[in-house]
Amino acid sequence: MESIKKAWILVMVAFTVLQAGVFKNFVQVRDGCLTDGGQKLQFFSMNIPNLLLIEDNMPFTEKNPWRLPNRFEIYDALLSIKQMGGQVARTYTITVSRKDDPPGTSKHVLEPGRLNEQAFSVLDTVLAVANELGVRLIIPLVDNWKWMGGIGQYAAFRGKQADDFWHDEQLKADFKQTVQKILLRKNSVTGVLYKDDPAIMIWELGNELRSCPLEWIEEMAAFIKSIDPNHLINDGRQSRDIKDDVLLSPHVDVLSTHHYEGDPQKMLEHIEQNVKQIAGRKPYYLGEFGFISSSGMRAVIERVKGEGLSGALLWSLRFHNRDGGFYWHSEPLGGGLFKAYHWPGFASGQAYDEQGVFELLKQFNEVNFDILPEIKLLPITDVGHIRWQGATGACAYLVQRSTSTDGPWQAVSHWLDDASQAYTPQFNDQSARLNQSYFYRVQALFPNGQKIVSKAYGPIQVSARWLIDDCDNWGEVYRFSGPLELKKANNRSFKEDLSRLAGQQGTEMVYRVSGNMLSFRVHCFQKLSQPQIRCLLSEDGRQFQEIKTTIENFTIEQKDYNYWQPIGLSVSTIKGKINFLKLRFEGEAQIGRVEIEYR
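The text that follows walks through the structure, step by step, so that each part is easy to find.

How each quantity is defined
Residues numbered from 1 in each chain as written. Predicted model: local features only at pLDDT ≥ 70, side-chain atom pairs only at ≥ 80, totals over all residues. Heavy atoms only, no water. 1 Å grid on protein atoms, 1.4 Å probe; cavity = no way out; pocket = protein on both sides within 12 Å on 5 of 7 lines; lining within 4 Å. Points joined across faces, edges and corners; volume = space filled by probe spheres on them. Nonpolar A, V, L, I, M, F, W, Y, C, P; charged D, E, K, R; others polar. Core = buried A, V, L, I, M, F, W, Y, C linked by side-chain atoms within 4.5 Å. Buried < 20%, exposed > 50% of the residue type's maximum accessible area, 1.4 Å probe, protein only. Helix = DSSP H or I, 4+ residues; strand = E, 2+ residues; numbered from the N terminus. Contact = heavy atoms within 4.5 Å. Salt bridge = Lys/Arg side-chain N within 4 Å of Asp/Glu carboxyl O. Expected span 1.5 Å × (residues − 1). Arc of directions from axis to C-beta. Pairing = 2+ DSSP bridges.

## Here we look at empty space enclosed by the protein
Within this structure, the stated rule accounts for four cavities of 30 Å³ or more. Each pocket or cavity is described by its volume, and for the largest cavity that value is around 70 Å³. Along the walls of the largest cavity sit Glu 55, Pro 65, Trp 66, Trp 147, Arg 492, Ile 556, Gln 558, Asp 560, Tyr 561 and Tyr 563, which together make up its complete lining. Taken together, the residues that form the lining of the largest cavity break down as six nonpolar, one polar and three charged.

Pasting the structure below:
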């Protein structure tokens, strides 16, 4: 009995240590700097806007882009920060319900006094993983903008206007009620109250609260401090310039600015002006900056380091998707060029020098690949749609195949990455033999040369093969006539589809397969709701006959972006001997993907 008791005590001690995480203290302010355990803290890292709620879940057939991240995605996001040596990450805001949210959207604040337990359980996991990996978090409490719900939605709950948020006593009481519940929440994973969690470095009163008066800032900061004396407070205004009122306020611990000037020289001038104004009296960090060249970023980071600022957070990082690949986000303010970054950097981000940006961060941080995650093949239904959950920090993958779980294993792909396409399976095994059974596994390669391999998945019976065209070139198109243009810009309007073939009335595209066609699917984008593509079939490629298709509209219900309508065209069963598919354009349209099953 005594030995059992001792063993139980050891288990409880181990559990307590695990829950406590790696942090031994809270970040504090000393002599105008942030300090961690008495040592000056300086960080060069990234914003992770989707860490609390994903706004970019955009498979072609999905009508609601919002969903909560799971533990795999949260761990991937924060491990990315740890691997790049970032130390600190900034989330986006505590979200608020909007009247036009698609059904099933899980925002944090449902109405005054009522919070969403499901959404906050995700934040519980975020804090637990941050403690586990040793990543500090900056968390804004409310947004100035409508995207994820903010001050306008708080006001709308009471039938009032957004500007009332600063002065109306009822609205202030509603916000305080939310904040109090957050501070006193007991983490369902760690058992730690949020107000006692050292993974939280700073509470920002909000995100870009540009018109926020000092009176509101000081009232809310004092309210938070009365409940939570452990964490630092940022005013939440975050314009380009620091105002004297928050600099002099005893209620504001740390200052920040956001920078999207487009010209790095102007950015540097604003930063230098702020440094002179602050004169070392309070810690100062760049809460967001971006949409400049990597050369411009270098100049900004060198200035931040040289002037002794607390840090700089680049906008922004998107993490691995639990359904395979990454989440994608084309930046509306990025001039049609910049997208969210994917760690550790890939060729798909060449236009905005994604790999160069991460190489730059590595020069100012201590890169750490001590933790390598698992790689997991997702369920495989056929050899044309092979996908896996990516390994954090992996730069390339090799798909291997065998007729036995014991091998031998044969590489059936070249080294490929999981950021070359968006929201579609990563690999189509075109060399699979009909009527054969295979097992598959995936090997991941990391920048430091380390490799890991997934468990085998199978057996998969090959009953058909697939022609899959992601429309990133003309290679899979047998022939075409009329105007046909490759498009790779303004991807947000096309559910982040990275490349499309655009045609007009009279354009025709023909696909050919070496076997009998069994079914096909076409992803089409168009401005009109009426289908602009007709599908025709042929045995010999000369005589074509139109076939009736199933037509589905997958338009996203929320209208925040200028979306083209995603129209799916499909035929599930094709009879007879058919080798050719023709797509005939009846008007302006863009094709994002064509899948043809054959044998």
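## Here's the deal with the nonpolar core
Leu 78, Trp 203, Trp 216, Trp 388 and Tyr 440 are the most contacted members of the largest nonpolar core, which has 131 residues in total. It is helix 3 (residues 117-133) that provides the largest number of residues to this core, a total of nine residues. Those residues in contact with Trp 216 that sit more than four places away from it in its chain are Phe 165, Trp 166, Lys 172, Phe 175, Leu 205 and Leu 209. Core analysis: the next-biggest nonpolar cluster, separate from the first, contains 28 residues, Leu 501, Val 522, Cys 524 and Tyr 598 among them.

## Topic: the pattern of salt bridges
Counted under the stated rule, the structure contains 39 salt bridges. Between Glu 204 and Arg 90 there is a salt bridge, and its shortest N-O distance comes to 2.9 Å. A residue pair is termed long-range when its members are at least 10 positions apart, and Glu 204 in strand 9 (residues 200-204) and Arg 90 in strand 5 (residues 88-91) qualify at 114 residues. We classify Glu 204 as buried; its relative accessible area is 0%. Among the salt bridges present, the one from Lys 172 reaches Glu 169, with a minimum N-O distance of 3.2 Å. Of this pair, Lys 172 and Glu 169 both sit in helix 5 (residues 169-183), three residues apart, which is roughly one turn of that helix. The class for Glu 169 is exposed, based on a relative accessible area of 55%. Salt bridges linked by common partners bring Glu 55, Asp 56, Arg 318, Arg 492 and Glu 496 together as one network.

## Topic: helix 9 (residues 294-307)
Taking 1.5 Å as the rise per residue, helix 9 with 14 residues should run 20 Å; its terminal C-alpha atoms sit 20 Å apart, in good agreement. Listing the buried residues of helix 9 in full gives Ser 294, Gly 296, Met 297, Val 300, Ile 301 and Val 304. Angular distribution of buried residues about the axis of helix 9 spans 150 degrees; they occupy a single face of the element. With respect to the buried face of helix 9, the exposed residues turned more than 90 degrees away are Ser 295 and Gly 306. Lining the buried residues of helix 9 we find strand 4 (43-48), helix 8 (264-278), strand 12 (284-289), strand 13 (311-314) and helix 10 (354-364).

## Considering the pairing of strand 16 (residues 396-402)
Within a regular beta strand, the side chains point alternately toward one face of the sheet and then the other, so they alternate between its two faces. Counting buried residues along strand 16, seven of its seven residues qualify, which places the element largely inside the surrounding structure. The alternating pattern of strand 16 places Ala 396, Leu 398, Gln 400 and Ser 402 on one face and Tyr 397, Val 399 and Arg 401 on the opposite face, and all of these are buried. With two bridges connecting them, strand 16 and strand 17 (residues 410-411) associate as antiparallel partners. Residue pairing across strands places Arg 401 opposite Gln 410, the latter belonging to strand 17.

## Focus: the sheet that holds strand 27 (residues 533-538)
Strand order in the open sheet formed by five strands is 22-25-31-27-28, and the pairing between neighbours is antiparallel. Only two strands of the sheet have a single neighbouring strand rather than two, namely strand 22 (479-481) and strand 28 (545-546). In this structure, strand 22 lies alongside strand 25 (residues 508-512), joined through three bridges in antiparallel fashion. Residue Ser 481 lies in a different strand from strand 25, and its bridge partner there is Glu 508.

## Let's talk about the layout of surface pockets
Size it by volume and the largest pocket reaches roughly 1100 Å³. Along the walls of the largest pocket sit 45 residues, with Ser 420, Gln 421, Asp 470, Asp 472 and Ser 499 positioned nearest its centre. Among the elements of the structure, strand 21 (465-469), strand 26 (517-526) and strand 32 (589-598) are those that each provide at least two residues to the lining of the largest pocket. Its residues assigned to classes, the lining of the largest pocket comprises 18 nonpolar, 17 polar and 10 charged. Taken as a whole, the second largest pocket holds about 560 Å³ of empty space.

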